[in-house]
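Structural description and commentary
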Amino acid sequence: MSGPAFTPDEMMTVAASRALKNDDVCFVGIGAPSAACNVARLTHAPDITLIYESGTIGTAPDVLPLSIGDGELCDTAVTTVGVPEMFRYWLQGGRVTIGFLGAAQLDRFGNINTTVIGDYAHPRTRLPGGGGAPEIAGSSGEIFITMKQSLRGMVERIDFFTSFGHGEGGDHRQRLGIETKGPTLLITDLAIWRPDPQTKEFTVVSLHPGVTKDEVQATCGWTVKFADHIEETPPPTDLELTTLRDLKARTKAAHEGRPDPGKAA
Amino acid sequence: MSGPAFTPDEMMTVAASRALKNDDVCFVGIGAPSAACNVARLTHAPDITLIYESGTIGTAPDVLPLSIGDGELCDTAVTTVGVPEMFRYWLQGGRVTIGFLGAAQLDRFGNINTTVIGDYAHPRTRLPGGGGAPEIAGSSGEIFITMKQSLRGMVERIDFFTSFGHGEGGDHRQRLGIETKGPTLLITDLAIWRPDPQTKEFTVVSLHPGVTKDEVQATCGWTVKFADHIEETPPPTDLELTTLRDLKARTKAAHEGRPDPGKAA
Amino acid sequence: MAKFQPLADAVRDNLNDGDVVAFEGFTHLIPHAAAHEAIRQGRKGLTVIRMTPDLIYDQLIGMGMVKKMIFSYAGNPGVGLLRRMRDAVENGWPQPLELEEHSHAAMANAYEAGAAGLPCAVFRGYRGAELAQVNHNVRSVTCPFTGEVLAAVPAVRPDVAFIHAQKADRKGNVLIEGILGVQKEAVLAAKRSVVTVEEVVEDLDAHPNACLLPNWTVGSICQVPGGAHPSYAHGYYGRDNAYYIAWDKIAADRETFSSWMEENVLNAGPEVFADRVGKLRSAA
Amino acid sequence: MAKFQPLADAVRDNLNDGDVVAFEGFTHLIPHAAAHEAIRQGRKGLTVIRMTPDLIYDQLIGMGMVKKMIFSYAGNPGVGLLRRMRDAVENGWPQPLELEEHSHAAMANAYEAGAAGLPCAVFRGYRGAELAQVNHNVRSVTCPFTGEVLAAVPAVRPDVAFIHAQKADRKGNVLIEGILGVQKEAVLAAKRSVVTVEEVVEDLDAHPNACLLPNWTVGSICQVPGGAHPSYAHGYYGRDNAYYIAWDKIAADRETFSSWMEENVLNAGPEVFADRVGKLRSAA
């Protein structure tokens, strides 16, 4: 494929945005999920309710927030509640249909690690930790995950179970008394994956335009399962691509400014 | 005493108001406590914080509310919070110094009944119930009680323990793990009572002007204990009496209006 | 997503015989118009929940619609007792009434737990209080860190909640302000909800942290000006205290009550409420 | 009753070596000026609590003031990791750092329980999450009605809480609006509290249900315009995202960090904050 009209990253965001419906209530993780959720809102899902853990409900930012609590989120929200209420009434209350998460490490069953690389007590790399993810993973109706593929990120065994996906697979969630669906969708820069109905192992169901099975396997740390019938992900439409690029351009302009962190910087 | 310049009811309210300090945070029960608390605020305790269970904090009503949630309370409050927050952060949080309660039935240990007369399952008279009182009695720093004396109201045994005072007396509160002081003051239309330090039985420490021990005993259903040295309650000052009467007059004018409960009334 | 509809339709669509229902309002914003519509539709066998059942629950009980009441203070505030409720409890008229009685703290926590999707509420309460002995739904849990024994009550999870609010915007977002009570919790805890509002506006123009129910959390919205009367709506009209005082006499006698209900509820409609608050509007 | 005083005095009066302290702020209203004053006063052996420790906790840790951190997300939001915190955890520089790690839901509930005077918080959480195995302060209680096993964590009860707010009135009542975080809870849960504010006004002119700390709930109030920078104050100035991005480089190297702290914190005072937000005011 010569001269692609879009990058793998753009394909990932657009494919993720398509998974959201107009009547979804989406708890938005930061980074890639935030872009996807807002592209959905600006294209086919204008009435989608986006919730950020800062307490902003029904937000409609004109630029993507750098953090989960930028002023833009509050300014454009239907209402903003305190953080205890956010986690009690809105997430735990069962009002979120989709929890949208990123991951530092992911395994084939949708378990996520954003806590440490290495041993918990003596980590090689101390990552930020779970934040809202452990309860987003448990209380949202279902979980979508989006991340770029890499051998470091998609691993046979994650170093720490920050948030629980399907555990060891099969009915592991039910055995723990978790009634929500857990991960039902993984969107990477190369493919769309859905859990096998029985084993719950993520299975490639659609390859993005021009991507081969070998490329997917080469950037994934476990032996990839491919569906019998694999679709090709429709490429981004002009509207999707323009919307995403405009959003990113507005965001870049808003976040850059002149850094001024003191004299010695 | 011929031609008293004030009624026993007025003396009761004024005596109760004097027990409140400028830096108190007072959870106000309805009826007599509400008048006393607002007389305190309008005389010697201008900065007292009055809290009503409707969520109004730091309220300063110009007329007494008929209910615990009249608009006047919200209009004049520093802030108004939801009722769950009121009971969790403000009462249970230990921020209330004085809980001020009335009673339908009271015993000598400050236990209160506002639930039923007779058997709980088959009551002779079904009263309104406890409302906020059970936790006001437990979570406030101390409890003041105010009521008019009567054989029906001040009884040897209350029919139902709506809110716990000193139980059977002595260290009964501590034995139940309750760390607050419980009832420390009873103001009736005839006298001021304080619990005996050991037995916790309410003991008359001051008689209102012109009141005799016999009158106190004649309107109390248990054998009254009198302190060795009994004071005479100072009569209401002109300021106290004027403040109370003006408040009552404003309240009467505001509450009366023309009743219009439909055509057939 | 909130659906705008006439009150009669909203009550018909949402309230069934045998339902567990909360008409909430803490002195302020009591949904009288909605309760009167429920009375006209003659629902039966209801379990009614409310922290402060006052006139409308006295009316529902007196009309024989209520099997059980879950509550924490049943009085006509500042006036006296609820005479129709007393008649049901003491004399079984027009039918016996089962009571599940709590403290305010317990009920407020139970609504909070319902909104929070929890099975129970945990708080410090009921110590030495006899309700803990007569109500089997007062239990305890032990703090796994300090060993303190805390009270536990089941979460409130009504089939349907009715509340009255100041306004909704055209999208169906609902604003409540002033004394908030447990109305937000009642709606979030309930399976279905009906909100009557004073008015529907283009834009709520609300404070960023205003108490607000987003349109997707609300079932039906019905515009009923005056719909809280004789309770009040902060910013619209004041509380009709004289009406509360007068109710005491109406409810004192079965026949007076019945004929009053006939004339003022059964033979009336939601539109009468706007007139009733006319002269109270200046007082707001 | 709230006492108005200079920031240096408020920090000196309220923060002691070995204290359990929360500098709270959820992206919005982070009390940077107060933390910098604590750094200048060189407090040692602190246990620091915060849901989202970011730059100021990176700074406190890098300056060797922190023994233990209780938290739920330690990152530079949208930028990356906290490099001073990593250096302490991975290499023990400048001293080892003990971690008590929770989820956001747990921390938010723990603050709520602290404000509510409870010994522990009860919620549905940590299911299948490994933190429950490495953190001995994650325990459980069983619902006495349904048998459901719920998570329990100890209430947060700091010795002292520092927050930044938009304004106080002359009586000392404090207004917070916009993204509220857990600041109200932090102050109500703490034994002592210091609130820095953008301005002191005659009258807050606030909505009846605005998030507000009455003057008797607050210890000290210090007027520090810009005191949240590089965080922001809704209605006053925007977030300095460029500063957050630049921090990543400063914190990457021990010497760069130390000389930056020397120049911008140790040799500065609270008055520098007003200047720093000057150009961000239009963006608010």
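Residues numbered from 1 in each chain as written. Chains lettered and ligands numbered in written order. Predicted model: local features only at pLDDT ≥ 70, side-chain atom pairs only at ≥ 80, totals over all residues. Heavy atoms only, no water.

**What to know about helix 3 (residues 55-62) of chain D**
All names here are of chain D. Taking burial as the measure, the eight residues of helix 3 include eight buried ones, the bulk of the element. Of the residues making up helix 3, those classed as buried are Leu55, Ile56, Tyr57, Asp58, Gln59, Leu60, Ile61 and Gly62. Trailing helix 3 by a residue or two, glycine 64 shows a phi angle of about 75°, which is positive. (Buried < 20%, exposed > 50% of the residue type's maximum accessible area, 1.4 Å probe, protein only. Helix = DSSP H or I, 4+ residues; strand = E, 2+ residues; numbered from the N terminus.)

**What about the domain arrangement of chain C?**
Residues and elements named next belong to chain C. Domain annotation for chain C reports domain 1 (3-102 + 157-279) and domain 2 (104-154). The gap between the C-alpha centroids of domain 1 and domain 2 is 26 Å. Counting residues at the interface gives 20 residues for domain 1, matched by 16 residues for domain 2. Summing both sides of the interface, domain 1 and domain 2 together bury roughly 1400 Å²; the carbon and sulfur share of this comes to 69%. On inspection of domain 1 and its partner domain 2, the count reaches zero salt bridges. (Domains from an automatic or database assignment. Contact = heavy atoms within 4.5 Å. Buried area = accessible area lost by both parts, 1.4 Å probe. Salt bridge = Lys/Arg side-chain N within 4 Å of Asp/Glu carboxyl O.)

**A closer look at the interface of chain A and chain D**
Contact residues are listed per partner, giving 51 residues for chain A and 54 residues for chain D. Buried surface at the junction of chain A and chain D, both sides included, amounts to about 4400 Å², of which 62% is carbon and sulfur. Ranking the residues of chain A by area buried against chain D places A:Leu66, A:Arg126 and A:Pro128 at the top, with a combined share of 15%. Our count for the chain A to chain D interface comes out at two salt bridges. The partner of D:Arg239 in a salt bridge is A:Asp70, with the nearest N and O atoms 3.9 Å apart. Of all elements in the fold, only helix 3 (71-75), helix 4 (83-92), strand 9 (123-126), helix 5 (133-139) and helix 8 (238-256) of chain A reach the threshold of two or more residues within the side of chain A that touches chain D.

**A short note on the packing of aromatic side chains**
In this description, an aromatic ring pair is defined by two values, namely the gap between the centres and the angle between the planes. Tallied over the entire structure, the rule returns 24 aromatic pairs over all chains. Between the aromatic rings of A:Phe161 and A:Phe164, the centroid separation amounts to 6.4 Å while the plane-to-plane angle is 45°, which identifies the pairing as tilted. When its relative accessible area of 5% is taken as the criterion, A:Phe164 is described as buried. Both rings, one in B:Phe27 and one in B:Phe87, keep their centres 6.2 Å apart while their planes meet at 50°; by these two values the pair is tilted. Taken together, the residues span a long stretch of sequence, with B:Phe27 in strand 1 (residues 25-28) and B:Phe87 in helix 4 (residues 83-92) at a distance of 60 residues. B:Phe27 sits in the buried class, given a relative accessible area of 0%. Judged by relative accessible area, B:Phe87 falls into the buried class, the value being 2%. The rings of C:Tyr243, C:Trp247, C:Phe257 and C:Trp260 are connected pair by pair, giving a single aromatic cluster. One Lys or Arg, B:Arg95, reaches over the ring of B:Trp90 and ends 5.7 Å from the middle of that ring. Sitting over the ring of C:Tyr57, C:Arg50 keeps its end group 5.6 Å from the ring centre. (Phe/Tyr/Trp six-rings, centres within 6.5 Å; stacked < 30°, edge-to-face > 60°. Lys NZ or Arg CZ within 6 Å of the ring centre and 35° of its normal.)

**A look at the side chain of B:Ser206**
All names here are of chain B. Within the secondary structure, serine 206 is located in strand 13 (residues 202-207). The exposure class assigned to serine 206 is buried, which follows from its relative accessible area of 7%. At 2.8 Å, the side chain of serine 206 and the side chain of threonine 233 are in polar contact. Aside from chain neighbours lying at most four places away, what touches serine 206 is Ala191, Ile192, Ile230, Glu231, Glu232 and Thr233. (Polar contact = N/O pair within 3.5 Å; in protein donor to acceptor, adjacent residues only side chain to side chain.)

**What to know about empty space enclosed by the protein**
Over the atoms a probe the size of a water molecule is rolled, and this reveals where empty space is left. Counting across every chain of the model gives four cavities of 30 Å³ or more. In this structure, the largest cavity occupies an estimated 730 Å³ of space. If you go around the largest cavity, you meet 36 residues; those closest to its centre are A:Gly82, A:Glu85, B:Gly82, B:Glu85 and C:Lys184. Sorting the residues of the lining of the largest cavity by element identifies strand 4 (79-80) and helix 4 of chain A, helix 4 of chain B, helix 7 (183-189) and strand 14 (211-213) of chain C together with helix 7 (183-189) of chain D as the ones contributing at least two each. Taken together, the residues that form the lining of the largest cavity break down as 15 nonpolar, eleven polar and ten charged. (1 Å grid on protein atoms, 1.4 Å probe; cavity = no way out; pocket = protein on both sides within 12 Å on 5 of 7 lines; lining within 4 Å. Points joined across faces, edges and corners; volume = space filled by probe spheres on them. Nonpolar A, V, L, I, M, F, W, Y, C, P; charged D, E, K, R; others polar.)

**As for the sheet that holds strand 10 (residues 149-154) of chain C**
All names here are of chain C. Read across the open sheet, the three strands follow the order 8-10-9; overall the sheet is antiparallel. Among the strands making up the open sheet, the edge pair consists of strand 8 (120-123) and strand 9 (139-142). Averaged over neighbouring strand pairs, the angle between their axes works out to 35° when direction is ignored. Where strand 9 lies against strand 10, four bridges are found, and the strand directions are antiparallel. Across the sheet, residue threonine 142 finds its bridge partner in strand 10, namely valine 149. Relative to strand 8, helix 5 (residues 104-115) is tilted by about 130°, and along the sheet it contacts strand 8 and strand 10. (Pairing = 2+ DSSP bridges. Axes fitted to C-alpha atoms, helices over the stretch in contact; angles between N-to-C directions.)

**Observations regarding the environment of B:Val205**
As for its position among the elements, B:Val205 is in strand 13. If sequence neighbours within four positions are ignored, B:Val205 has contacts with B:Ile192, B:Trp193, B:Arg194, B:Ala227, B:His229, B:Ile230 and B:Glu231.

**Observations regarding the pattern of salt bridges**
Taken as a whole and assessed by the stated rule, the structure comprises 60 salt bridges over all chains. The partner of C:Lys68 in a salt bridge is C:Glu98, and the shortest N-O contact between them spans 3.9 Å. Highlighted residues: C:Lys68 in strand 4 (residues 66-71) and C:Glu98 in strand 7 (residues 98-101), separated in sequence by 30 residues. Judged by relative accessible area, which is 18%, C:Lys68 ranks as buried. We note a salt bridge from D:Arg124 to D:Glu148, for which the minimum N-O separation is 2.8 Å. Of this pair, D:Arg124 sits in the loop between strand 8 (120-123) and helix 6 (131-134) while D:Glu148 sits in the loop between strand 9 (139-142) and strand 10 (149-154), placing them 24 residues apart in sequence. Taking the relative accessible area as the measure of exposure, D:Arg124 reaches 18% and is therefore buried.

**Notes on the packing of helix 1 (residues 8-18) of chain B against helix 8 (residues 238-256) of chain B**
Residues and elements named next belong to chain B. Direction vectors running N to C along helix 1 and helix 8 enclose 110°, while the axes themselves pass 10 Å from each other. The angle between helix 1 and helix 8 places the two elements in the roughly perpendicular class. Contacts between helix 1 and helix 8 pair Glu10, Thr13, Val14 and Arg18 from the former with Glu240, Leu241, Leu244 and Arg245 from the latter. Tallied by class, the residues present in the contact of helix 1 with helix 8 amount to three nonpolar, one polar and four charged. (Parallel < 35°, antiparallel > 145°, perpendicular 65-115°, else oblique.)

**Regarding the confidence of the model for chain C**
Predicted confidence across chain C gives a mean pLDDT of 96, with 99% of residues reaching 70 or more. Reported confidence for the predicted complex is 0.96 by ipTM and 0.97 by pTM. (pLDDT = per-residue confidence, 0-100.)

**Focus: the sheet that holds strand 9 of chain D**
Residues and elements named next belong to chain D. The three strands lie next to each other as 8-10-9, forming an open sheet whose pairing is antiparallel. For this open sheet the edge positions go to strand 8 and strand 9, each flanked by a neighbour on one side alone. In this sheet, neighbouring strand axes are inclined to one another by 35° on average, regardless of whether the strands run parallel or antiparallel. Against the sheet, helix 5 (residues 104-115) contacts strand 8 and strand 10, and its axis sits at roughly 130° relative to strand 8.

**Section: the interface of chain D and chain B**
Of the residues lining the interface, 16 residues belong to chain D; the matching set on chain B comes to 16 residues. Approximately 1400 Å² of surface area, both sides summed, lies buried where chain D meets chain B, with 57% of it carried by carbon and sulfur atoms. For the pair chain D and chain B, the number of links is two salt bridges. The partner of B:Glu85 in a salt bridge is D:Lys184, with the nearest N and O atoms 2.6 Å apart. At the boundary of chain D and chain B, one finds ten residue pairs in polar contact (both at pLDDT 80 or more). At the level of elements, helix 5 and helix 7 of chain D are the ones that each hand at least two residues to the side of chain D that touches chain B. For the side of chain D that touches chain B, the element with the highest residue contribution is helix 7 of chain D, accounting for three residues. Among the residues making up the side of chain D that touches chain B, the classes are represented as nine nonpolar, four polar and three charged.

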